[in-house]
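A structural walkthrough
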Amino acid sequence: MTQDELKQAVAKAAVDYIQPKLDSDSIVGVGTGSTANFFIDYLAEIKGSFDGTVASSEASAERLKAHGIPVYDLNSVDSLVVYVDGADETNPALELIKGGGAALTREKIVAAVADEFVCIADGSKWVDVLGNFPLPVEVIPMARSHVARELVKLGGDPVYRQDCVTDNGNVILDVHNMAITNPVETETAINQIVGVVTNGLFASRPADVLLIGRETGVETVRA
Ligand code: 5RP
């Protein structure tokens, strides 16, 4: 199977997984990226069985609306029954690196609100130790150089992501060469740097369930 076919398989599995949890009042949190896009396309097939969605990016909001799926402002909803999103890396504890698509801050906010976080990923995203994928850090533009220097002190090698402005008007530093053996500690330490909006480690709030696509089929993993 190609990587796209594996992404499609987990996206379909996610719709099957969440469908029994939905009713006409349910609001679904929707992530960002190519795997999330497949999820949106399958979600459209059951759009009559829930109220609407909250999106973690403008791009996902546009795709949802194109399918005729209502998209709500997060401030106008009380709760999200579930949040479904992809990842750049996951370890066996379902701690994640996210933000390859620069949507990490809104993704982290939506994940924080959701009752359940379902991560969908093809098998290439599975690692024992996080950090081979450069860790995205969203930064207030005027703090970029300061934050970069602080990230070097933490042992990383930050690279400014060219031509990238987040939905929040900020920039991204991708931190290379960090073996993240204690993800909660690293997530907390980076978030302490003045000028950081947030970083792409989802360790304090990891996924609850991982649907991972392998050649043998979709596996369900719980931390
Ligand atoms: C976007 C993300 C994505 O979930 C992550 O980059 C995975 O993307 P894809 O599904 O395209 O492999 O965190 O900010």
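The text that follows walks through the structure, step by step, so that each part is easy to find. Please read these numbers as outputs of a predicted model, since none were measured by experiment. (Residues numbered from 1 in each chain as written. Predicted model: local features only at pLDDT ≥ 70, side-chain atom pairs only at ≥ 80, totals over all residues. Heavy atoms only, no water.)

Listed in full, the buried residues belonging to helix H5 (residues 144–153) are Val147, Ala148 and Leu151. All buried residues of H5 project into a common sector of 105° when viewed along the axis, lining one side. Among the exposed residues of H5, those pointing more than 90 degrees away from its buried face are Arg149 and Lys153. In this structure, the buried side of H5 is in contact with strand E7 (135–139), strand E8 (157–160), strand E9 (171–176), helix H6 (183–191) and strand E10 (196–199). Just past H5, the residue glycine 155 takes up positive phi, approximately 100°. (Buried < 20%, exposed > 50% of the residue type's maximum accessible area, 1.4 Å probe, protein only. Helix = DSSP H or I, 4+ residues; strand = E, 2+ residues; numbered from the N terminus. Arc of directions from axis to C-beta. Contact = heavy atoms within 4.5 Å.)

Here we take up the packing of helix H1 (residues 3–18) against helix H2 (residues 34–43). Between H1 and H2, whose axes approach to 8 Å, the crossing angle comes to 50°. Comparing their axes, H2 and H1 come out oblique. The way H1 lies across H2 gives a crossing that is right-handed. From H1, Asp4, Lys7, Gln8, Val10, Ala11, Lys12, Ala14, Val15 and Ile18 reach across to H2, where they touch Ser34, Thr35, Phe38, Phe39, Tyr42 and Leu43. A class-by-class count of the residues in the contact of H1 with H2 yields nine nonpolar, three polar and three charged. (Axes fitted to C-alpha atoms, helices over the stretch in contact; angles between N-to-C directions. Parallel < 35°, antiparallel > 145°, perpendicular 65-115°, else oblique. Left-handed = near helix turned anticlockwise from the far one by under 90°. Nonpolar A, V, L, I, M, F, W, Y, C, P; charged D, E, K, R; others polar.)

On to the nonpolar core. Formed by 28 residues in total, the largest nonpolar core has its most connected members in Ile18, Val28, Phe39, Leu43, Val84, Ile120 and Leu211. Put simply, the parts of the chain that give this core at least two residues each are H1, strand E1 (27–30), H2, helix H3 (58–66), strand E3 (82–85), strand E6 (117–122) and strand E12 (209–214). Per element, the largest residue contribution to this core is seven residues, and it comes from H1. When residues no more than four places from it in sequence are discounted, the contact partners of isoleucine 120 are Val10, Ala11, Ala14, Thr35, Phe39, Val84, Asp85, Gly86, Ala87 and Leu211. (Core = buried A, V, L, I, M, F, W, Y, C linked by side-chain atoms within 4.5 Å.)

The ligand sits among 17 residues. The nearest are Ser34, Thr35, Asp88, Gly99 and Lys125. One of the side-chain nitrogen or oxygen atoms of aspartate 85 is found 3.5 Å away from an oxygen atom of the ligand. Glutamate 107 has a polar side-chain atom sitting 3.1 Å from an oxygen atom of the ligand. Protein contacts shield 91% of the accessible area of the ligand, which totals 380 Å² for the unbound molecule. When the residues that make up the shell around the ligand are grouped by side-chain class, the tally is three nonpolar, eight polar and six charged. (Near = heavy atom within 4 Å. Polar contact = N/O pair within 3.5 Å; in protein donor to acceptor, adjacent residues only side chain to side chain. Areas by Shrake-Rupley, 256 points an atom, 1.4 Å probe, with all protein chains shown as cover.)

Here the structure, examined in full by the defined rule, presents two aromatic pairs. A ring pair is formed by tyrosine 83 and phenylalanine 117, whose centres lie 5.2 Å apart and whose planes are at 45°; its orientation type is tilted. Of this pair, tyrosine 83 sits in strand E3 while phenylalanine 117 sits in strand E6, and the two are 34 residues apart along the sequence. Owing to a relative accessible area of 0%, phenylalanine 117 belongs among the buried residues under this scheme. Here the aromatic residues Tyr83, Phe117 and Phe202 are joined through ring pairs into a cluster of three or more. Lying over the aromatic face of phenylalanine 202, lysine 98 brings its terminal NZ or CZ to 5.7 Å of the ring centre. One Lys or Arg, arginine 214, reaches over the ring of tryptophan 126 and ends 5.6 Å from the middle of that ring. (Phe/Tyr/Trp six-rings, centres within 6.5 Å; stacked < 30°, edge-to-face > 60°. Lys NZ or Arg CZ within 6 Å of the ring centre and 35° of its normal.)

The interhelical angle for the contact between H2 and H3, taken along N-to-C directions, is 20°, at an axis separation of 10 Å. As judged from the angle between their axes, H2 and H3 are roughly parallel. The hand of the H2/H3 crossing is right-handed. Of the residues in H3, those in contact with Asn37, Ile40, Asp41 and Leu43 of H2 are Ser60, Arg63 and Leu64. Grouping the constituent residues of the contact of H2 with H3 by class yields three nonpolar, two polar and two charged.

Here the focus is the pairing of E6. Of all six residues that make up E6, six are buried, and the element is covered over most of its length. Burial of the side chains of E6 extends over both faces: Phe117, Cys119 and Ala121 are buried on one face and Val118, Ile120 and Asp122 on the other. Alignment of E3 against E6, held across three bridges, turns out to be parallel. Residue valine 84 lies in a different strand from E6, and its bridge partner there is valine 118. Both E6 and E12 contribute to a ladder of five bridges, which runs parallel. Pairing of isoleucine 120 across the sheet is with leucine 211, part of E12. (Pairing = 2+ DSSP bridges.)

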